[in-house]
Amino acid sequence: MFPFSFEWVWDLGHLVFHGALWYALSILGIGLAYCILKAAWQTARGEEEGHGHP
Amino acid sequence: MDQPKNKRYGMVIDLDKCTGCGACMVACMAENNIPFRDDDTDKLLSVSWMHVYRLSNGKPFPHAEECFLPRPCQHCEGEHGHSPCVSVCPATATDYDMHTGIVSQIYTRCFGCRYCMAACPYHVRQFNWWDPVWPEGMERALNPDVSVRMRGVVEKCSFCYSRYQTALNRAYLEGRRELSEEEYQTACTQACPAGAIVFGDLNNPAHRVHQIVKPDLAHGGRPRNPKVFRLLERLGTHPKVYYLTRRDWVRRAGDNEIQKT
Amino acid sequence: MDSALIPKGVERCPLGRFLVFIAVVGAVLLWGVVAMFLIYIKGLNQTNMNNAYGFALWIWADLAVIALGGGAFFTGLLRYIIGKDELKNIINYAVLIGFVCYSSALLILAIDVGQPLRAWFIFWHANVHSMLTEVAFCLTCYFIVLTIEYVPLMLENRQLQRVTFFRHLAHNMHGIMAVFAATGAFLSFFHQGSLGGVSGVLYGRPFGFRSGIGIWPWTFFLYTWSAAACGPCFTILVTRITEMATRKKLVKDNVIDLLAKIAGWMLLTYITAKIVDTVYWAAVTAPAMGFTLLDFYTNNPGSAYGLWILIAEVGICGVLPALMLVSASVRRNPRLLFLAVLLAVLGACLNRWVMILQMQAVPVLPFEKWFTYLPSWQEIATTILPVAYGIILIAFSYRYLPIFPQEPELNPLPEGGR
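Let me begin by describing the structure that accompanies this report. Being a predicted model, the structure only gives us computed values, none of them experimental. (Residues numbered from 1 in each chain as written. Chains lettered and ligands numbered in written order. Predicted model: local features only at pLDDT ≥ 70, side-chain atom pairs only at ≥ 80, totals over all residues. Heavy atoms only, no water.)

**Concerning the interface of chain C and chain B**
Interfaces are frequently sized by the accessible area removed from exposure as the parts join.
Here's step 1: Facing the 52 residues of chain C at the interface are 55 residues of chain B.
Here's step 2: Counting each side, the surface lost to burial between chain C and chain B is near 4200 Å², with a carbon and sulfur contribution of 59%.
Here's step 3: Our count for the contact surface shared by chain C and chain B stands at 1 salt bridge.
Here's step 4: A salt bridge links aspartate 112 of chain C to arginine 114 of chain B; its shortest N-O distance comes to 2.6 Å.
Here's step 5: Here chain C and chain B share 28 residue pairs in polar contact (both at pLDDT 80 or more) between them.
Here's step 6: Class assignment for the residues of the side of chain C that touches chain B results in 28 nonpolar, 19 polar and 5 charged. (Contact = heavy atoms within 4.5 Å. Buried area = accessible area lost by both parts, 1.4 Å probe. Salt bridge = Lys/Arg side-chain N within 4 Å of Asp/Glu carboxyl O. Polar contact = N/O pair within 3.5 Å; in protein donor to acceptor, adjacent residues only side chain to side chain. Nonpolar A, V, L, I, M, F, W, Y, C, P; charged D, E, K, R; others polar.)

**What to know about the side chain of aspartate 201 of chain B**
Residues and elements named next belong to chain B.
Here's step 1: Take aspartate 201: it is sitting in strand β8 (residues 197-201).
Here's step 2: Nearest to the buried, unbridged aspartate 201 among oppositely charged side chains is lysine 7, at 5.2 Å.
Here's step 3: Ignoring any residue separated from it by four or fewer positions in sequence, one finds aspartate 201 in contact with Lys7, Arg8, Tyr9, His207, Val209 and His210. (Helix = DSSP H or I, 4+ residues; strand = E, 2+ residues; numbered from the N terminus. Buried < 20%, exposed > 50% of the residue type's maximum accessible area, 1.4 Å probe, protein only. Lys, Arg positive; Asp, Glu negative; His and termini not counted.)

**Some thoughts on the pattern of salt bridges**
Here's step 1: Summed over the entire model, instances satisfying the criterion amount to 29 salt bridges over all chains.
Here's step 2: Across the pair arginine 252 of chain B and aspartate 248 of chain B runs a salt bridge whose closest N-O atoms are separated by 4.0 Å. A residue pair is termed a helical-turn pair when its members lie 3 or 4 positions apart in one helix, as arginine 252 of chain B and aspartate 248 of chain B do in helix α6 (residues 248-252) at 4 residues.
Here's step 3: Exposure remark for aspartate 248 of chain B: the relative accessible area of 45% places this residue in the partly exposed category.
Here's step 4: In this structure, the salt-bridge partner of lysine 248 of chain C is glutamate 407 of chain C, at a minimum N-O distance of 3.2 Å. Of this pair, lysine 248 of chain C sits in the loop between α9 (218-246) and α10 (253-288) while glutamate 407 of chain C sits in helix α15 (residues 407-410), and the two are 159 residues apart along the sequence. The burial state of lysine 248 of chain C is the same as that of glutamate 407 of chain C; both residues are buried.

**Looking at the environment of threonine 92 of chain B**
Here's step 1: With respect to the secondary-structure elements, threonine 92 of chain B resides in the loop between β3 (66-71) and β4 (94-96).
Here's step 2: A relative accessible area of 22% means that threonine 92 of chain B is categorised as partly exposed.
Here's step 3: For the pair threonine 92 of chain B and arginine 114 of chain B, spaced 22 residues apart in the sequence, the C-alpha separation amounts to 13 Å.
Here's step 4: Setting aside chain neighbours within four positions, we find threonine 92 of chain B in contact with Glu7 of chain A, Ile106 and Arg109 of chain B together with His125, Ala126 and Asn127 of chain C.
Here's step 5: Of note is the side chain of threonine 92 of chain B, whose polar atom sits 2.6 Å from the backbone oxygen of histidine 125 of chain C.

**Thoughts on helix α1 (residues 23-31) of chain B**
Residue and element names in this part refer to chain B.
Here's step 1: Every buried residue of α1 is listed here: Cys24, Ala27, Cys28 and Glu31. Taken end-on, α1 shows its buried residues confined to a sector of 100°, consistent with a single buried face. Away from its buried face by more than 90 degrees, α1 exposes Val26 and Ala30.
Here's step 2: In this fold, the buried residues of α1 make contact with β2 (51-56), β3, α3 (161-173), α4 (187-191) and β8.
Here's step 3: Phi turns positive one or two residues past the end of α1, at asparagine 33, with a value near 50°. (Arc of directions from axis to C-beta.)

**Quick word on the nonpolar core**
Here's step 1: One finds Tyr115, Phe159 and Tyr184 of chain B together with Phe207 of chain C to be the most contacted residues of the largest nonpolar core, which totals 205 residues.
Here's step 2: It is helix α6 (residues 131-155) of chain C that provides the largest number of residues to this core, a total of 15 residues.
Here's step 3: Non-local contacts of phenylalanine 207 of chain C, meaning those with residues more than four positions away in its chain, are made with Trp281, Phe296, Tyr297, Val354, Met355, Gln358, Met359 and Val362 of chain C.
Here's step 4: By size, the runner-up hydrophobic cluster in this structure holds 10 residues, among which are Phe18, Ile22, Ala388 and Tyr400 of chain C. (Core = buried A, V, L, I, M, F, W, Y, C linked by side-chain atoms within 4.5 Å.)

**Focus on the side chain of serine 103 of chain C**
Residues and elements named next belong to chain C.
Here's step 1: With respect to the element layout, serine 103 can be found in helix α4 (residues 88-112).
Here's step 2: Residue serine 103 is classed as buried on the basis of its relative accessible area of 12%.
Here's step 3: Among the polar contacts made by the side chain of serine 103, one reaches the side chain of tyrosine 389 at a distance of 2.5 Å.
Here's step 4: When residues no more than four places from it in sequence are discounted, the contact partners of serine 103 are Phe143 and Tyr389.

**With respect to the sheet that holds strand β1 (residues 9-14) of chain B**
Here's step 1: On the basis of which strands lie adjacent, the open sheet formed by 4 strands has the order β8-β1-β12-β11 (chain B) and mixed pairing. The open sheet terminates on both sides in strands that have one partner only, identified here as β8 and β11 (228-229) of chain B. (Pairing = 2+ DSSP bridges.)

Below you can see the structure in the form of structure tokens.
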């Protein structure tokens, strides 16, 4: 999973596989962080808007 | 010292010499600390790295013939080491060693998903359904060079890899990098009373196994000797265990052929 | 008693009846949990698997629930990316069903491995060339996506909505749901495909092996396609069962009709590709390995794997429901629609069964015979365990969360109701 595990090799297979994996994980992580931080900011500012679906 | 050349360790088993005595199986179990249970009658639940099959030509007397076929791990090379089991292991717990041609199994890495068992057409990969229990006192007779395996992992024949390591250590101490043919032999080879099993380096023309098989290394090690065959040649697994026989029906029993009508 | 938790504008059965229902299903769940601990403590010798049958009921269950859980990614794709807006009325339930399916798959996988404490090796020491590695990674990632999609739904519970932070969080998550849905579709494409690759790459197993493009065997694409076709069918099936259980109409017909129509065309194209694949495999791939089609379907004990299974999978549970679902008149008939989605679901399950169980039953060495397998009660109990868990999760979600946006409109409360 990480370059420091001993079976890691710097080949195309590893780059493509882990590239796609970390890309997907990053999108999820950034998206989630954005939602949580924005909600925290909105709550702190006392913003009020309708609930549920946009 | 020169770097050692790559080896391709392999085996040829003379089926016309094999009497089905089972000495190879016993030697293998003793050498490799293979666990057994009180009731080991269900062979699909027991572990035997070396298994002897009994084949019949299916004809009535007086034409009935039988043949015993010992089956260790075939150490398939596939295409460039892409053996059926190695490429599927999700945790890199099995490996095709390009220096020796041996398919290894790392017991402490295996987490028991059993994908390799589903991948192997020869059923050489077996699962430890139970933890090993040795009869009172027998643990003192275990081979200290081979680790015992815990329940929940897959194991298989390693061509007695510990013997290879021991031989290599000794050679290094003596300042050599190359092993001679007799320095590294598997337990089954040495135990066979009929001398039916020959083991050695298929890359080395001085080795008997090479001389018997005459492998066509450009074509996945296909035997050039017409009396030699491999199991399931058509699948392209390129095993390094070869079988020698003069009997046609035995050779035909080694692979699936579509009957031409 | 729990009326403060029940969504506004809908009616639920009395708490007592609900708890009795949960207790009954919970007993089944408990049975599964007992079997699970038995397996953890005593090991996989509690199963009827053996050295010839290393993959069995559990792997089938995994493949089947993941195929059926495919309704979540495909409905999400249609709703958020392609813009089929009507599907917003069923997407919540599709997500919930997907969540149940994927969590079940992860649970079964955790029971299935011989050394569960080492299960993390699949991530840590990943062999990127193994289909199972890709499955494990994508499955886990996609489960995260499903959780992200399910969380805002949970936050819509009446009491949780009173917390300002949760209200904002749910709103924000809904706002960028398309991003998560797109990531989910990407991940699903690969893990559904990799599950197909599990048997497709086994060149030592002529029954499962398929040729393909590059590193992907044809089964890779067939599995993704069939999950996209049969997943929505499962969503419809479970919706209909839920409607029967609650004696209420929960989703409008035009929504179901749209999803069924899309599923029908997906199924029709899938089954066409499947037939082409089967013919090519029977005529070219298998003969090159020394096998004829009939080698795979004859001379087995009790004809358990006779040609009937191929006819059932491709014909009765493939072509037939596909033709039924593309016909508007069939879709308008609730009974026929139910039958069609049921057949499609069975077809996907049968396909996974064949590709895992029959693949290992077929003898490859010419001097071996067919291998047989019947699951042990521990295997059955642990396979039913996730079903019970799914029913309980769905029951709780239905009771306390606004899963079906059209429910209040379709079931107006009498005057003086909540």
